[in-house]
Amino acid sequence: MVALHIALAATWTILFHYGLRLRASIGHRSVGLKGKDLDKFLVETLTKQNMAIVSIMLFLGFRTMKCVVEKD
């Protein structure tokens, strides 16, 4: 188990490192932003739009679940 947890910690560390590099390269190449401007861009465009989509999907999913529960 110890070896498994060490391997998982190493894997997550490597994935986090490459995720940060990917984030920086996307911001620099596609929009030309760095630092706080990149953070603002990611939060405003990606997170807010995705939250709107996810909230609609959750609403429809719970609405369907309510109908299933009521019929049974």
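Structure report, in brief. (Residues numbered from 1 in each chain as written. Predicted model: local features only at pLDDT ≥ 70, side-chain atom pairs only at ≥ 80, totals over all residues. Heavy atoms only, no water.)

When you go through the chain residue by residue, the secondary structure sums to two helices and zero strands. Relative to the globule expectation of 11 Å for 72 residues, the C-alpha radius of gyration of the chain, 20 Å, shows a markedly less compact shape. Taking the principal axes of its C-alpha atoms as reference, the chain extends roughly 50 × 45 × 15 Å. The 72 residues of the chain split such that 4% are buried. Carbon and sulfur atoms provide 71% of the accessible area of the chain, an area that totals close to 6,600 Å². Of the charged side chains in the chain, 10 are positive and 5 negative; the average position of the first set lies 8 Å away from that of the second. (Helix = DSSP H or I, 4+ residues; strand = E, 2+ residues; numbered from the N terminus. Rg over C-alpha atoms; globule rule 2.2 N^0.38 Å. Buried < 20%, exposed > 50% of the residue type's maximum accessible area, 1.4 Å probe, protein only. Areas by Shrake-Rupley, 256 points an atom, 1.4 Å probe, with all protein chains shown as cover. Lys, Arg positive; Asp, Glu negative; His and termini not counted. Charge placed at Lys NZ, Arg CZ, Asp CG, Glu CD.)

Before going further, it helps to spend a moment on helix α2 (residues 35–71). Compared with an ideal rise of 1.5 Å per residue, which puts 37 residues at 54 Å, α2 spans 52 Å between its outermost C-alpha atoms and is within 8% of the ideal. The largest bend in α2 comes to about 25°, at V43. (Expected span 1.5 Å × (residues − 1). Bend = angle between axes of the 7 residues up to and from the residue.)

Mapped onto the secondary structure, L58 falls in helix α2. Residue classification places L58 among the partly exposed residues on the basis of a relative accessible area of 45%. Each C-alpha atom of the pair L58 and H17 lies 31 Å from the other, and the pair is 41 residues apart in sequence.

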